[in-house]
Amino acid sequence: MTIEAAGRLIAEANTMTCFSGAGLSAPSGVGTFRDPVGGWWTKYDPMKMASPEGFAEDPRLVMDWYAQRRHQIGNAEPNAAHRALAARMDITQVTQNTDDLLQRAGCRNVIQVHGDITADRCHANCGHVETIDLLKPPGLRRCPCGQHALRPDVVWFGEGLLPDIWNKAEAACRQCDVLLVVGTGAEVYPAAGLITLARNHNSHIIVVNTNPSGASEIADIELIGSVDDVLPALLKSD
Ligand code: BV8
């Protein structure tokens, strides 16, 4: 019943946005954060690995952790969920994921609210950015400006999201008829607030997750299942 009802909402929608999290890349073998088995936060303290304070305390440990994640992403391939989304160029992609699997599947103009793990930037924000080879991730090193070290071009806890990217994400979630909420625990703010923003603008909320999440309460339809099974079936445009 529910996947058919979700299919009807999607067929009737003029505008659609997909808001995704780490669960979208999980079938590609990329670690999630909060999954009780294998999630990164079961092994590491997020504040030590994904915050300016953690980087100040032990920058080498942080860069080593990102090197691990970069290897994992570099060896991963887009899965059937990424490809199902890429086949629907009418869906705007807003993702918390910092990997490049949506782009490698063919998605264009992906709005990455938490940044991009395929690049390093100057921690003093001098403007220097370096695209890195995910399979040969560089370690800790100074920015050519000499002011500070280079760090992953992502948003850490306690860091603000980039205003122009945030404004695009808000616009995409405010103006959509259907918001697909895919593979996210919906626990990290302000990103998770995009779901409520969409809801408050009368979007239909369709959640796809293997488990209940912070989005369950406000979902119109919640499809419990793996993204790589559910999305190809849900998005097939007959
Ligand atoms: C901000 C780095 C203010 C990027 C990440 C105390 C101190 C400081 C801040 C705070 C605080 N208390 C609260 C805050 C705010 C904080 C926050 O929300 N904390 C939470 C934990 C309570 N937010 C911030 O700090 C944000 N900044 O507020 O700044 C400010 C404003 C102006 C100026 C200056 C400052 C910044 C948040 C960004 C944090 N960065 N990581 C990186 O390295 O990747 S967090 C991390 O969580 C990732 O970015 C990730 O994107 C994000 C969300 O996680 P999910 O994607 O949802 O992944 P998760 O593992 O949680 O869930 C996976 C889901 O998938 C599960 O539901 C699972 O069931 C499902 N799943 C798994 N497999 C499948 C599946 N579903 C379907 N199919 C499958 N196969």
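Before going into details, it helps to say that this report is about the structure given with it. (Residues numbered from 1 in each chain as written. Predicted model: local features only at pLDDT ≥ 70, side-chain atom pairs only at ≥ 80, totals over all residues. Heavy atoms only, no water.)

Interhelical geometry of helix 1 (residues 2-12) versus helix 10 (residues 227-235) gives an angle of 50° and a closest axis separation of 9 Å. In terms of axis orientation, helix 1 runs oblique to helix 10. Considering the relative orientation of helix 1 and helix 10, their crossing is right-handed. Contacts from Ile3, Ala6, Gly7 and Ile10 in helix 1 reach Val230, Ala233, Leu234 and Leu235 in helix 10. Class assignment of the residues belonging to the contact of helix 1 with helix 10 gives a composition of seven nonpolar, one polar and no charged. (Axes fitted to C-alpha atoms, helices over the stretch in contact; angles between N-to-C directions. Helix = DSSP H or I, 4+ residues; strand = E, 2+ residues; numbered from the N terminus. Parallel < 35°, antiparallel > 145°, perpendicular 65-115°, else oblique. Left-handed = near helix turned anticlockwise from the far one by under 90°. Contact = heavy atoms within 4.5 Å. Nonpolar A, V, L, I, M, F, W, Y, C, P; charged D, E, K, R; others polar.)

What follows deals with the sheet that holds strand 1 (residues 16-20). The strand order across the open sheet built from six strands is 3-2-1-7-8-9, with neighbouring strands paired in parallel fashion. In the strand order of this sheet, the two ends are held by strand 3 (111-112) and strand 9 (221-224), each with one partner. Taken together, the four bridges between strand 8 (residues 204-209) and strand 9 define a ladder with parallel strand orientation. Considered in strand 9, the bridge of Val208 is made with Leu223. Set on the sheet, helix 1 makes contact with strand 1, strand 7 (178-182), strand 8 and strand 9; between it and strand 9 the angle comes to about 125°. (Pairing = 2+ DSSP bridges.)

The subject of this paragraph is the site of the ligand. As a structural note, the neighbourhood of the ligand is formed by 33 residues, with Phe33, Arg34, Tyr66, Arg69 and Thr184 the closest of them. Backbone polar atom of Gln96 to an oxygen atom of the ligand: 3.1 Å apart, as the coordinates give it. Measuring from an oxygen atom of the ligand, one finds a side-chain N or O atom of Asn211 at 3.0 Å. Contact with the protein chains covers 73% of the free accessible surface of the ligand, which is 1500 Å². The pocket occupied by the ligand, as judged from atoms lying within 2 Å of grid points, is the largest pocket. By residue class, the composition of the shell around the ligand is 12 nonpolar, 16 polar and five charged. Of the residues that make up the shell around the ligand, three or more belong to each of domain 1 (1-28 + 78-114 + 161-238) and domain 2 (31-75 + 117-154). (Near = heavy atom within 4 Å. Polar contact = N/O pair within 3.5 Å; in protein donor to acceptor, adjacent residues only side chain to side chain. Areas by Shrake-Rupley, 256 points an atom, 1.4 Å probe, with all protein chains shown as cover. 1 Å grid on protein atoms, 1.4 Å probe; cavity = no way out; pocket = protein on both sides within 12 Å on 5 of 7 lines; lining within 4 Å. Sits in = over half its atoms within 2 Å of the grid points. Domains from an automatic or database assignment.)

Now for the packing of helix 8 (residues 163-174) against helix 9 (residues 193-200). Direction vectors running N to C along helix 8 and helix 9 enclose 40°, while the axes themselves pass 8 Å from each other. Our classification of the angle between helix 8 and helix 9 gives oblique. In this structure, helix 8 meets helix 9 at a crossing whose hand is right-handed. Touching Trp166, Ala169, Glu170, Cys173 and Arg174 of helix 8 are Leu194, Leu197 and Ala198, all from helix 9.

What follows deals with the pairing of strand 8. On a regular strand, each side chain points to the face opposite its neighbour's, so the side chains alternate between the two faces of the sheet. Extensive coverage of strand 8 is indicated by the burial of five of its six residues. In this sheet, strand 8 lies alongside strand 7 in parallel orientation, the contact comprising five bridges. Across the sheet, the residue bridging to Leu179 is Ile205, located in strand 8. As for the winding sense of the linkage, the β-α-β connection from strand 7 through helix 9 to strand 8 is right-handed. (Buried < 20%, exposed > 50% of the residue type's maximum accessible area, 1.4 Å probe, protein only. Right-handed = clockwise from strand over helix to strand, strands pointing away.)

Here we come to helix 1. Of all the positions in helix 1, only Ala5, Ala6, Leu9 and Ile10 are classed as buried. Along the long axis of helix 1, the arc covered by the buried residues comes to 140°, so they all point the same way. Exposed positions of helix 1 whose direction lies more than 90 degrees from the buried face are Ala11 and Glu12. Looking at the packing, one finds that the buried side of helix 1 touches strand 1, strand 7, strand 8, strand 9 and helix 10. (Arc of directions from axis to C-beta.)

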